[in-house]
Structures are given as structure tokens and as C-alpha cells.
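Chain residues, written in single-letter form:
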Amino acid sequence: QVQLVESGGGLVQPGESLRLSCVASGSIKVIYTMAWYRQAPGKSRELVATITNDGTTNYADSVKGRFTISRDNAKNTVYLQMNSLISEDTAVYYCNGEIRPTWSTSQFTYWGQGTQVTVSS
């Protein structure tokens with residue numbers, strides 16, 4: 001069993017910051033690429049940022065220069081530092097991981113349950 005659990009969401013005003021965390025736990029052999037997605041009301045889920053296990057990052061154009069993804073491999077944790085938040089960032093944020101569990105030679109995609117981020121004055 002592999003679980004991803006997000007935390008750190010909340011209500012903030014425009015221009016403020018939030019830091020999301022996602023901890024992977026369970027029968028984990030290797031964690032490959034991890035990512036953050038988000039889904040706003042009435043919209044499809046979109047990719048926000050990715051980070052490989054060697055630290056290579058990639059961002060959606062809408063968050064470049066404002067968001068930073070990072071990871072702590074020793075803690076099986078990925079972070080999303082979100083600065084200069086705007087109302088358009090309001091969404092449920094989901095953590096995603098490509099993980100090889102101990103019981104398999106294959107990797108699978110796992111998702112967290114999501115954390116709500118609301119940016120409003």
C-alpha cells in the first residue's frame with residue numbers, strides 16, 4: 001500500500017504565499033517523478049509543476065516565477081512553495097507520484113486526496 005497525503009492548503013489574500021507538502025508513505029521502493037496538479041471549479045485538472053528524482057523541474061507557464069517545486073528524498077516529501085498568489089490560483093491541489101512499490105518491478109501512478117487553496121480578498 002502506498003499513500004500520498006497533502007497538507008498546507010488554506011485561505012489567503014492575493015499576493016500572499018502558501019507552502020504545500022506531500023508525504024509519500026507505505027511500501028515504497030523507489031520514487032521517480034513527483035508532481036503537483038490542480039483543479040479549479042468547472043475546469044479540468046491541470047499540471048502545475050514536476051520534479052524528477054535528480055531534481056529537474058518543470059512548470060506550467062501560468063506559475064513560472066511564482067511557484068517553486070522541491071523535494072526531500074530522505075523524507076519522501078515534495079513541496080510546492082506558492083508566492084504572489086492570485087485568484088486564478090484557487091483550486092484543489094493534488095500531489096502525484098510515479099512510484100515503484102516494494103512488491104513490484106513496475107512503477108505506478110499514485111494520487112493524494114487533494115488540498116484546497118483559496119485566494120480571495
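As a reminder, the structure under discussion sits directly above these lines.
Cut-off values and rules
- Residue positions within a chain follow its written sequence, with the count starting from 1.
- Per-residue local features of the predicted model are confined to residues with pLDDT of at least 70, and side-chain atom pairs are confined, for both listing and counting, to 80 or more; whole-chain, interface and lining totals are unaffected and use all residues.
- Only heavy atoms go into the side-chain values, all of them from the structure, while hydrogens and water stay out.
- Aromatic pairing here means that ring centres of Phe, Tyr or Trp (its six-membered ring) are within 6.5 Å. Orientation follows from the plane angle: under 30 degrees is stacked, over 60 is edge-to-face, and everything else is tilted.
- Lysine NZ or arginine CZ positioned within 6 Å of the ring centre and within 35 degrees of the ring normal marks a charge as sitting over the ring.
- Going along the chain from the N terminus, every DSSP run of H or I of four or more residues is numbered as a helix, and every run of E of two or more is numbered as a strand.
- Buried, partly exposed and exposed residues are distinguished by accessible area as a fraction of the type maximum, computed with a 1.4 Å probe on protein chains only: under 20%, between the cut-offs, and over 50%, respectively.
- Residue contacts are defined here by distance: any two heavy atoms, one from each residue, within 4.5 Å place the two residues in contact.
- By definition, two strands form a pair when at least two bridges between them are found by DSSP.
- Axis angles are defined between N-to-C directions and span 0 to 180 degrees, where every axis is a line fitted to C-alpha atoms and, for a helix, only to the segment in contact.
- Throughout this description, the term nonpolar core refers to a set of buried Ala, Val, Leu, Ile, Met, Phe, Trp, Tyr and Cys residues connected via side-chain atoms within 4.5 Å.

## A closer look at the packing of aromatic side chains
- In this structure the tally under the stated criterion is 2 aromatic pairs.
- Above the ring of Tyr94, the side-chain terminus of Arg45 is found at 3.7 Å from the ring centroid.
- Of note, Arg45 hangs over the ring of Trp111, and the distance from its end group to the ring centre comes to 4.7 Å.

## Focus: the environment of Leu18
- By the element assignment, Leu18 lies in strand S3 (residues 18-26).
- You can call Leu18 buried: its relative accessible area is 13%.
- Distance from Leu18 to Gly8, taken between C-alpha atoms, is 7.1 Å for residues 10 residues apart in sequence.
- Setting aside residues no more than four positions away along its own chain, Leu18 makes contact with Gly8, Gly9, Gly10, Val12, Leu80, Gln81, Met82, Leu85 and Val117.

## Quick notes on the sheet that holds strand S1 (residues 2-7)
- Strands sit in the order S1-S3-S8-S7 across an open sheet of 4 strands; the sheet is antiparallel. The two strands at the open ends of the sheet, each matched to only one other strand, are S1 and strand S7 (67-72). Across the sheet, the mean angle from the axis of one strand to that of its neighbour is 15°, orientation sign disregarded.
- Looking at chain direction, S3 and strand S8 (residues 77-82) are connected through 6 bridges and run antiparallel.

## Some details on the pairing of strand S4 (residues 28-39)
- Pairing analysis gives 9 bridges linking S4 to strand S9 (residues 91-101), with the strands arranged antiparallel. Within S9, the position partnered with Gln39 by the bridge is Val92.
- Pairing between S4 and strand S5 (residues 46-51): 5 bridges, direction antiparallel. Bridging from a neighbouring strand, Trp36 pairs with Ala49 of S5.
- The turn joining S4 and S5, which pair antiparallel and follow one another in sequence, is formed by 6 residues; a positive phi near 75° is taken by Gly42.

## So, the pairing of S3
- As defined by bridge partners, S1 adjoins S3 across 6 bridges and the pair is classed as antiparallel. By the bridge assignment for S3, Gln3 is matched with Ser25.

## Quick notes on the nonpolar core
- The biggest cluster of nonpolar side chains holds 31 residues, and the ones touching the most others in it are Trp36, Leu80, Met82 and Tyr93.
- Breaking this core down by element, the ones donating at least two residues are S1, S3, S4, S5, S7, S8, S9 and strand S11 (115-119).
- Other than its neighbours up to four places away in sequence, Leu80 contacts Leu18, Arg19, Leu20, Trp36, Val48, Ala49, Phe67, Thr68, Ile69 and Tyr93.

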